[in-house]
Amino acid sequence: MKEDTVSTQIAAGISVSPGRVTGPVKIVKNSGDVKKVSDGDIMVVSHSSPAFAIGVMNAAGLICEGGGMLTHICIVAKELGIPCLARVEKATELMGDNTTVTLDADTGTVYG
Amino acid sequence: MDNPKEMLENFKKAVGEIWLRDGQNTWPIEINSIVHLFMDIFIDELTQDLRQLKAAGMERAKIARLFNTSARIIRLIMPCVLGMKAAAVPVDELREHIVYLLSLVGELKFGDLFNRDGKNLVFSPDEFKHAVQKEKMVPADMKRSLAVHKLCAVLWNYAESVCFKTHGLIREFHGPYRFPGETEEILVRDFYCLRAVELWEECGAVAYSHVRVIAAYEGLDMTVDIYNNPTIREGAGYIGSLKSYYIEADGEILDPDGVNRLCSVLSDAMIAITTKIEALDWRQLAEKYAEIFWFSKKELREAAGGDWRIPESVRERIKTGELNTRLPNLDPRNLQRMLRIAF
């Protein structure tokens, strides 16, 4: 996976699971949307739903508008060892489907 | 066991610490916005059932076992507090009830009631020796570890899709335990009621009622809080730390193909259930939430000779009631304050 293809900070949040990854954004708003998440994608959600866990299993990273250390979808990301940020305000508005972002969960920052 | 006053304070402290770390979990509906529609009726029925069983001479340990797990009882306590507040139950009676529920939790756990040592020890050393068999443990490579943790993730989220925030009904995580003389920490993840067809017909597709994942980790420095949330040392990861494991489904060992098949069936059922949920309005969600609460005391109600399903009065109240928009907006600081003054 390419690194540092993008470098402008566009959002920030709380690190739930560390790591750094660059990839295309997939916005997930309902259970049907999880199917569009494939290997290497960065999944971006406005809220948590149990079915979203299936998308997280394919994703390379997870960005949540809300959530926290004990939000289930974040726990899944942590269990699977993929970078995850919670409480990234307006993430689904700031990032569009298929745009490339770098999720740096070590510093709690998203670059785009 | 602590005295009643200490028990209440320790419970508040343990729950308060979790609330500080927790994000708002509003899926599929903010529970605080609907509990006023049924929780007072639920707690009244629960109290009556407990009184009846006690009056009939049933031992406390036997009553506790009707809840199946300590996790189920512990997760019921705060909703019960809200219900009793709504029903204007006097504070002394409320406290007495919580202390009794905590004493039931104590009947189902070997370790500290409030996990102050960072452990949720359900098994005594002797029970652990019988329930977790070292000779069944198989070494985990990265591929197997990933498959095991994917199953755990699917099971956890399946539990949430089936019973929303009251997933203590389905899951109980306990440990960390150790084999005598060894350093690996063993976490037991139990998932019950996987075929809860009383709640969702889609659960019928799952072949097993109970799945137990026994996982031995090295170097995680793990703690488990009173709500069964495991927390690991910063920088550590479950997948790379798994050394050995085995998975039982209704008592039979699952092989890697069985794990993948179960993962797939659970994923399909979860998507079917959540798709159905996404189409429900708030009244239908409130009724489903009520059904889940009543289901959580099914065995208790049946032992007391009653019908476990929600009474018609609850359906009627949900049909004509309104959402409570005041409580859901409480921030963590106000939630702590509410907890301090609640009982």
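Residues numbered from 1 in each chain as written. Chains lettered and ligands numbered in written order. Predicted model: local features only at pLDDT ≥ 70, side-chain atom pairs only at ≥ 80, totals over all residues. Heavy atoms only, no water.

Colleague: What is the right way to look at the overall build of chain B in this model?
Modeller: Within chain B, the regular secondary structure consists of 13 helices and 8 strands. Scaling as 2.2 N^0.38, a compact globule of 343 residues should have a C-alpha radius of gyration of about 20 Å, and chain B matches this with 20 Å. Across its three principal directions, the C-alpha atoms of chain B cover 55 × 45 × 45 Å. Looking at the 343 residues of chain B, the share that counts as buried comes to 57%. Taking contacts inside chain B between residues at least 6 apart in sequence as the whole, the part at least 24 apart equals 76%. Of the charged side chains in chain B, 45 are positive and 51 negative; the average position of the first set lies 3 Å away from that of the second. (Helix = DSSP H or I, 4+ residues; strand = E, 2+ residues; numbered from the N terminus. Rg over C-alpha atoms; globule rule 2.2 N^0.38 Å. Buried < 20%, exposed > 50% of the residue type's maximum accessible area, 1.4 Å probe, protein only. Contact = heavy atoms within 4.5 Å. Lys, Arg positive; Asp, Glu negative; His and termini not counted. Charge placed at Lys NZ, Arg CZ, Asp CG, Glu CD.)

Colleague: Honestly, the interface of chain A and chain B in this entry has me stumped. Any pointers?
Modeller: One frequently used descriptor of interface size is the decrease in accessible area upon assembly of the parts. With 24 residues of chain A at the interface, the matching set in chain B holds 28 residues. Buried surface at the junction of chain A and chain B, summed over both partners, amounts to about 2300 Å²; 64% is from carbon and sulfur atoms. The interface formed by chain A and chain B holds 1 salt bridge in total. Put simply, chain A and chain B have 2 residue pairs in polar contact (both at pLDDT 80 or more) between them. Taken together, the elements giving at least two residues each to the side of chain A that touches chain B come down to α1 (52-58) and α2 (72-80) of chain A. The element contributing the most residues to the side of chain A that touches chain B is α2(A), with 6 residues. Of the residues that constitute the side of chain A that touches chain B, the class distribution is 11 nonpolar, 10 polar and 3 charged. (Buried area = accessible area lost by both parts, 1.4 Å probe. Salt bridge = Lys/Arg side-chain N within 4 Å of Asp/Glu carboxyl O. Polar contact = N/O pair within 3.5 Å; in protein donor to acceptor, adjacent residues only side chain to side chain. Nonpolar A, V, L, I, M, F, W, Y, C, P; charged D, E, K, R; others polar.)

Colleague: What exactly am I supposed to notice about the nonpolar core here?
Modeller: Note that soluble globular proteins tend to have their nonpolar side chains buried in a common cluster. Met43(A), Phe11(B), Phe38(B), Tyr158(B), Val162(B), Trp294(B) and Phe343(B) are the most contacted members of the largest nonpolar core, which has 139 residues in total. When residues of this core are assigned to their parent elements, the largest contribution, 11 residues, is made by helix α7 (residues 142-163) of chain B. Per-domain counts for this core show at least three residues from each of domain 1 (4-108 + 281-342) and domain 2 (125-277) of chain B. If we ignore the near neighbours within four places in the chain, the residues touching Phe11(B) are Ile74(B), Ile77(B), Met78(B), Leu102(B), Phe114(B), Ile226(B) and Phe343(B). Core analysis: the next-biggest nonpolar cluster, separate from the first, contains 16 residues, Val25(A), Leu85(A), Val88(A) and Val101(A) among them. (Core = buried A, V, L, I, M, F, W, Y, C linked by side-chain atoms within 4.5 Å. Domains from an automatic or database assignment.)

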